[in-house]
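# Notes for the structure review
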Amino acid sequence: MLDFYTIADYQMKPDFPEKIGLEFAGQLDFKTLNRLQQKGIIAQQFDYHTDFRLDTVMTKQTLQLISDKRLEMDADVKRLTPILDLANSKQSGLVAYSD
């Protein structure tokens, strides 16, 4: 699974999210991430097997993209939206850890 945690843009990414008390935001499996990439919601540059980060601007842009493409009811998007919504409500970015 790919585990997402909220993180402020100014914070350095720790090796382990527990080190600095990052808030767990949700998970995506490999197939879901792949389908979201095929739909153009998540960029191809992000690899399931490698940790990556989305800053605050990217999380907001992704939510806007979902709205623009009218994909709110898509099953894969429904798995991603709560993760993005939490980051947006905290005005933070996300860091994804591959486990």
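Residues numbered from 1 in each chain as written. Predicted model: local features only at pLDDT ≥ 70, side-chain atom pairs only at ≥ 80, totals over all residues. Heavy atoms only, no water.

### A few points about the overall build of the chain
Helix and strand counts for the chain come out as three helices and four strands. Mapped from its N terminus to its C terminus, the chain presents α and β elements in the order β-β-α-β-α-α-β. Computed over the C-alpha atoms, the radius of gyration of the chain is 13 Å, within 12% of the 13 Å expected from 2.2 N^0.38 for a compact globule of 99 residues. Over its C-alpha atoms, taken along the principal directions, the chain stretches across nearly 35 × 25 × 20 Å. (Helix = DSSP H or I, 4+ residues; strand = E, 2+ residues; numbered from the N terminus. Rg over C-alpha atoms; globule rule 2.2 N^0.38 Å.)

### Considerations on the sheet that holds strand S4 (residues 93–98)
The four strands lie next to each other as S2-S1-S4-S3, forming an open sheet whose pairing is antiparallel. Two strands in the sheet have a free side with no partner beyond their single neighbour: strand S2 (23–28) and strand S3 (52–54). Sheet twist, expressed as the mean angle between neighbouring strand axes with direction ignored, is 25°. Seen against the sheet, helix H3 (residues 75–89) touches strand S1 (2–7), S2 and S4 and runs at an angle of roughly 160° to S2. (Pairing = 2+ DSSP bridges. Axes fitted to C-alpha atoms, helices over the stretch in contact; angles between N-to-C directions. Contact = heavy atoms within 4.5 Å.)

### A few points about the side chain of threonine 6
Topologically, threonine 6 is positioned in strand S1. A relative accessible area of 5% means that threonine 6 is categorised as buried. Setting aside anything within four residues of it in sequence, one finds threonine 6 in contact with Leu22, Glu23, Ala25, Leu86, Ala87, Lys90, Ser92, Gly93 and Leu94. (Buried < 20%, exposed > 50% of the residue type's maximum accessible area, 1.4 Å probe, protein only.)

### What to know about the pairing of S1
The buried count for S1 comes to six of six residues, which makes it a mostly enclosed element. Here S1 shows two buried faces, one formed by Leu2, Phe4 and Thr6 and the other by Asp3, Tyr5 and Ile7. With five bridges connecting them, S1 and S2 associate as antiparallel partners. If you follow aspartate 3 over to S2, its bridge partner there is glutamine 27.

### A closer look at helix H2 (residues 56–68)
Between the first and last C-alpha of H2 there are 18 Å, a value that for 13 residues agrees with the 18 Å anticipated at 1.5 Å per step. Within H2 the residues assigned to the buried category are Thr56, Thr59, Thr62, Leu63 and Ile66. Take H2 and look down its axis: the buried residues cluster within an arc of 130°, on one side only. For H2, exposure combined with an orientation more than 90 degrees from the buried face picks out Val57, Gln61 and Asp68. Elements that come into contact with the buried residues of H2 comprise S3, H3 and S4. For H2, the N-terminal cap is aspartate 55; the gap from its side-chain oxygen to the backbone nitrogen of valine 57 is 3.2 Å. Where H2 ends, the next residue or the one after it, arginine 70, has phi of about 55°, a positive value. (Expected span 1.5 Å × (residues − 1). Arc of directions from axis to C-beta. Polar contact = N/O pair within 3.5 Å; in protein donor to acceptor, adjacent residues only side chain to side chain.)

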